[in-house]
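Structural overview for review
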Amino acid sequence: MPPLDRTVFVDSTQVGGAGEHDTAGLPTLVEAELVVASGPDSGHTYRLTGPSLRIGRAPDNDLVLRDPATSGHHARVERRGNSFFVVDLGSTNGTLVNGDVVQERELTDGDSITIGQNAVNFALRK
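Presented here is a report on the structure given in the accompanying data block. (Residues numbered from 1 in each chain as written. Predicted model: local features only at pLDDT ≥ 70, side-chain atom pairs only at ≥ 80, totals over all residues. Heavy atoms only, no water.)

**Points about the pairing of strand β10 (residues 112-115)**
Because side chains alternate across β10, one face comprises the buried residues Ile113 and Ile115, and the other comprises Ser112 and Thr114, none of which is buried. Note that strand β7 (residues 95-97) and β10 share 3 bridges and pair antiparallel. When the sheet's bridge partners are listed, valine 97 is paired in β10 with isoleucine 113. In this sheet, strand β11 (residues 118-125) lies alongside β10 in antiparallel orientation, the contact comprising 4 bridges. Considered in β11, the bridge of threonine 114 is made with alanine 119. Connecting β10 to the antiparallel partner β11 that follows it, the hairpin turn spans 2 residues, and glycine 116 within it adopts a positive phi of roughly 60°. (Buried < 20%, exposed > 50% of the residue type's maximum accessible area, 1.4 Å probe, protein only. Helix = DSSP H or I, 4+ residues; strand = E, 2+ residues; numbered from the N terminus. Pairing = 2+ DSSP bridges.)

Here is the structure:
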């Protein structure tokens with residue numbers, strides 16, 4: 001039987017120099033939040049802590065919007081590394097980012113997502 005290859009590849013841009021044992025040079029994940037700025041559910045804030053957050057009128061969503069213009073399972077916000085995307089889940093009235101109807105769009109700090117009658121602001125947390 002041939003010997004096992006135990007080669008490990010390391011991205012040296014993500015690791016400190018030899019002898020360093022702290023995590024100061026390691027990348028940290030960006031944090032984000034959604035703030036319901038206007039509409040029936042205004043005033044609520046939701047931190048994006050997991051890989052995704054599903055938004056809709058149905059009670060099994062992570063972010064429940066009580067607005068009748070919001071579909072049961074309307075949209076999802078997904079984390080992909082340090083980027084966030086909104087994905088429409090086949091909603092009846094569509095998902096808008098800064099006024100544009102989207103199926104999927106990368107979000108940037110300050111974007112406004114319209115879901116039914118709710119304006120939801122996306123913010124990166126510093």
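**Concerning the packing of aromatic side chains**
Enumeration over the complete set of coordinates arrives at 1 aromatic pair. Each ring, one from phenylalanine 84 and one from phenylalanine 122, has its centre 5.5 Å from the other, and the planes form 55°; the classification is tilted. Of the two residues, phenylalanine 84 sits in strand β6 (residues 83-88) while phenylalanine 122 sits in strand β11, which places them 38 residues apart along the sequence. Take phenylalanine 84 and phenylalanine 122: they sit in the same class, and that class is buried. When the ring centre of phenylalanine 85 is taken as origin, the NZ or CZ atom of arginine 80, which lies over that ring, is 4.0 Å away. (Phe/Tyr/Trp six-rings, centres within 6.5 Å; stacked < 30°, edge-to-face > 60°. Lys NZ or Arg CZ within 6 Å of the ring centre and 35° of its normal.)

**Examining the pattern of salt bridges**
Per the counting criterion, the structure on display carries 9 salt bridges. Between glutamate 31 and arginine 47 there is a salt bridge, and its shortest N-O distance comes to 2.5 Å. On the criterion of sequence distance, the pair formed by glutamate 31 in strand β1 (residues 31-38) and arginine 47 in strand β2 (residues 45-48) is long-range, its members being 16 residues apart. A relative accessible area of 43% places arginine 47 in the partly exposed class. (Salt bridge = Lys/Arg side-chain N within 4 Å of Asp/Glu carboxyl O.)

**Focus on the side chain of threonine 95**
Among the structural elements, threonine 95 can be located in strand β7. Assessed through its relative accessible area of 0%, threonine 95 is described here as buried. At 3.4 Å, the side chain of threonine 95 and the side chain of histidine 74 are in polar contact. Within the structure, threonine 95 has its side chain in polar contact with the side chain of aspartate 88 (distance 2.6 Å). Once residues lying within four places of it in the same chain are set aside, the contact partners of threonine 95 are His74, Ala75, Val86, Asp88, Asp100, Val101, Val102, Ile113, Thr114 and Ile115. (Polar contact = N/O pair within 3.5 Å; in protein donor to acceptor, adjacent residues only side chain to side chain. Contact = heavy atoms within 4.5 Å.)

**A word on the sheet that holds β7**
Across the sheet, 6 strands lie side by side as β2-β1-β11-β10-β7-β8; this open sheet has antiparallel pairing. Two strands in the sheet have a free side with no partner beyond their single neighbour: β2 and β8 (100-102). Averaged over neighbouring strand pairs, the angle between their axes works out to 30° when direction is ignored. Looking at chain direction, β1 and β11 are connected through 7 bridges and run antiparallel. Bridge pairing in β11 links leucine 34 to phenylalanine 122. (Axes fitted to C-alpha atoms, helices over the stretch in contact; angles between N-to-C directions.)

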